[in-house]
Amino acid sequence: MAGIVNAVTSQFQSPEKKKEEFRQYLERSGVIDALTKVLVGLYEEPEKPANAIDFVKMTLGAPTGVDVDSLKAENEQLRAKVADLQLQVDSLANKVGDE
């Protein structure tokens, strides 16, 4: 019963309280510090990069120049291949078991 009450009351929290909880979450998880360091680094950069978003991504360690759609397609192809190979393994295991 208490879980239901907590769920209902959390839906009716004030927007300010939700914002404060989210800010505290970001602070606890280190996001604010990481973003602050990145932005300070961008500010201190003698020659500002043409694309600030790429600078932020690179500084945070995200891969750049990666085609996500092609990786997703390759992933799907590999999953299909794994499924086919698993069927072959199962078939061969059944043949060995029958002998």
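Residues numbered from 1 in each chain as written. Predicted model: local features only at pLDDT ≥ 70, side-chain atom pairs only at ≥ 80, totals over all residues. Heavy atoms only, no water.

1. A short note on the pattern of salt bridges
Put simply, the rule reads: Any carboxyl oxygen of Asp or Glu within 4 Å of a side-chain nitrogen of Lys or Arg constitutes a salt bridge here. Only DSSP runs of H or I covering at least 4 residues are called helices, and only runs of E covering at least 2 are called strands; the numbering of each starts at the N terminus. Burial status follows relative accessibility: with a 1.4 Å probe on protein chains alone, a residue under 20% of its type maximum counts as buried, one over 50% as exposed, and anything between as partly exposed.
Inspection of every chain in the model, using the stated rule, returns three salt bridges. The shortest N-O distance in the salt bridge between Glu16 and Lys19 comes to 3.8 Å. With Glu16 and Lys19 both in helix α2 (residues 15-28) and three residues apart, this pair spans about one turn of that helix. For the pair formed by Glu16 and Lys19, the shared burial category is exposed. Residue Arg23 is joined to Glu20 by a salt bridge in which the shortest nitrogen-to-oxygen separation is 2.6 Å. You can see Arg23 and its partner Glu20 sitting in helix α2, three residues apart, about one turn around the helix. The exposure class assigned to Glu20 is partly exposed, which follows from its relative accessible area of 33%. Salt bridges here are not isolated pairs; linked through shared partners, they connect Glu20, Arg23 and Glu27.

Geometric values such as these leave the question of function open.
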